[in-house]
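Descriptive structure summary
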Amino acid sequence: MAVQLKDKDAYQRLNYLYQAAHCVLAQNPENVELARFYCFTQKTIARRLVLRQDPSVKRTLCKKCCSLLIPGITATTRQRRKKRKTRFTVVRCLSCGQSKTLLNDPDYCLWAERPEAQLENQKQPDPGPSGKKQPKGKKPDVSVSSTLSAAQSTAST
Ligand SMILES: [Zn+2]
């Protein structure tokens, strides 16, 4: 818990800088340099403290010049395809020309979006493999189902 508390300030700072960059571009879209400075600072903090940022955040930052990529303002977004089947989203930074290519695959699922990556879906660690061993008899299920059926029968009657 202490480690999480220690990094909490850094995460708050990353979030603040990211929002500040959006705020700057929302007020004056030509002020790309200030937004870039904020994002550069955010990237530097994340690198020095080895903090993992979400892919949704990283995909809106230019890899080369640390500019905040907003489609239509600081970046262009185009759909490209190769060999008819595979389609890509190409986000191109207008400041430096660096482009990032993202594959459009409806079946692809990020690790962070998978159900087993969510903290509330993770199983609590067992105290030990031999700590408590549930008997594999069907008695509890039968009793539950029987009580359920009994309740249903009583409810129906
Ligand atoms: Zn760039």
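Above this text you will find the structure in question.
Structural notes, computed from the coordinates. What you are looking at is a predicted structure, and each value in this text was computed from that prediction instead of being measured. (Residues numbered from 1 in each chain as written. Predicted model: local features only at pLDDT ≥ 70, side-chain atom pairs only at ≥ 80, totals over all residues. Heavy atoms only, no water.)

1. Notes on the overall build of the protein chain
The test is simple: In DSSP terms, a helix is any run of H or I states spanning at least four residues, a strand is any run of E spanning at least two, and both are numbered starting from the N terminus. Categorising residues by exposure relies on relative accessible area from a 1.4 Å probe, with only protein chains included: less than 20% of the type maximum marks a residue as buried, more than 50% marks it as exposed, and the intermediate range marks it as partly exposed. Whether two residues touch is decided by their heavy atoms; if any such pair falls within 4.5 Å, the residues are in contact.
Counting secondary structure elements, the protein chain contains 4 helices and 3 strands. Helices (α) and strands (β) of the protein chain occur, in sequence order from the N terminus, as α-α-α-β-β-β-α. A burial count over the protein chain gives 24% of its 157 residues as buried. When contacts within the protein chain are restricted to residue pairs at least 6 apart in sequence, long-range pairs at least 24 apart make up 41% of them.

2. What to know about the coordination of the zinc ion
For the record, the criterion: Counted as coordinating are nitrogen, oxygen and sulfur atoms within 2.8 Å of the metal, or 3.2 Å for Na, K and Ca, while water is not included, which may make sites look incomplete. Angle rules define the geometry names used: all angles between 85 and 135 degrees makes four donors tetrahedral, while opposite donors over 155 degrees apart and all other angles between 65 and 115 make four donors square planar and six octahedral, leaving every other case irregular.
Distances from the zinc ion to its protein donors, Cys 62 (SG), Cys 65 (SG), Cys 93 (SG) and Cys 96 (SG), fall at 2.2 to 2.4 Å. What the 4 donor atoms of the zinc ion show is an angle range of 107 to 112 degrees at the metal, which sorts the shape as tetrahedral. Read N to C, the donor residues that coordinate the zinc ion are spaced as C-x2-C-x27-C-x2-C. Residue Cys 65 is found in the loop between α3 (55-58) and β1 (75-82), and its partner Cys 96 is found in the loop between β2 (86-93) and β3 (99-104); the two are separated by 31 residues along the sequence.

3. Thoughts on the packing of aromatic side chains
Given two aromatic rings, their pairing is described by the distance between the two centres and the angle made by the two planes. Condition: Ring pairs shown here join Phe, Tyr and Trp side chains whose ring centres sit within 6.5 Å, with only the six-membered ring taken for Trp; geometry is labelled stacked below 30 degrees between planes, edge-to-face above 60, and tilted in between.
In the structure shown here, the tally under the stated rule is 1 aromatic pair. An angle of 45 degrees between the planes, with centres 6.2 Å apart, marks the rings of Phe 37 and Tyr 38 as tilted. By relative accessible area, Tyr 38 is classed as partly exposed at 22%.

4. Section: helix α2 (residues 32-48)
What counts, and what does not: To estimate the expected span of a helix, count its residues, drop one, and scale the result by 1.5 Å.
Relative to the 24 Å expected for 17 residues at 1.5 Å per residue, α2 spans 24 Å between its end C-alpha atoms, a close match to the ideal helical length. Of all the positions in α2, only Val 32, Ala 35, Arg 36, Cys 39, Thr 41, Gln 42, Ile 45 and Ala 46 are classed as buried. Directly after α2, the chain includes Val 50, whose backbone phi takes a positive value near 50 degrees.

5. Re the pattern of salt bridges
Note the following rule: Salt-bridge detection follows one rule: a side-chain nitrogen of Lys or Arg within 4 Å of a carboxyl oxygen of Asp or Glu.
Applying the stated criterion across every chain, the model contains 1 salt bridge. The partner of Arg 36 in a salt bridge is Glu 33, and the shortest N-O contact between them spans 2.8 Å. Of the two residues, Arg 36 and Glu 33 are both situated in helix α2; the distance of 3 residues between them amounts to about one turn of the helix.

6. Overview of the side chain of Arg 36
Here is the rule: Here a polar contact is taken to be a pair of N or O atoms separated by no more than 3.5 Å, where protein atoms must pair a possible hydrogen donor with a possible acceptor and residues adjacent in sequence count only if both atoms sit in side chains.
Given the relative accessible area of 16%, Arg 36 is considered buried. Polar side-chain contacts of Arg 36 include one of 3.0 Å to the side chain of Ser 95. Other than its neighbours up to four places away in sequence, Arg 36 contacts Cys 65, Cys 66, Ser 67 and Ser 95.

7. Let's talk about the sheet that holds β3
Applied cut-off: The criterion for strand pairing is that DSSP finds at least two bridges linking the strands in question. In this description, a line fitted to the C-alpha atoms serves as the axis of each element, helices being fitted only across the stretch in contact, and the angle between N-to-C directions of two axes falls anywhere from 0 to 180 degrees.
In space, the 3 strands of this open sheet follow the order β1-β2-β3, with antiparallel pairing throughout. Each of the sheet's edge strands pairs with one partner strand only, and the pair in question is β1 and β3. Averaged over all pairs of adjacent strands, the angle between their axes in this sheet comes to 25 degrees, without regard to strand direction. Sheet topology places β1 next to β2; 8 bridges connect them, and they run antiparallel.

8. Brief notes about the nonpolar core
Here is the rule we go by: In these notes, a set of buried Ala, Val, Leu, Ile, Met, Phe, Trp, Tyr and Cys residues joined through side-chain atoms within 4.5 Å is what counts as a nonpolar core.
Within the largest apolar cluster, 10 residues are counted, these being Tyr 18, Ala 21, Leu 25, Val 32, Ala 35, Cys 39, Val 57, Leu 61, Leu 68 and Ile 70. Among the elements of the structure, α1 (2-27) and α2 are those that each provide at least two residues to this core. Look past the residues within four positions of Leu 61 in its chain and what remains in contact with it is Tyr 18, Cys 39, Gln 42, Ser 67, Leu 68, Leu 69 and Lys 100.

9. Re the side chain of Gln 53
Mapped onto the secondary structure, Gln 53 falls in the loop between α2 and α3. Here the side chain of Gln 53 touches Gln 42 through a polar contact of 2.8 Å, side chain to side chain. If sequence neighbours within four positions are ignored, Gln 53 has contacts with Leu 14, Gln 42, Ala 46 and Lys 58.

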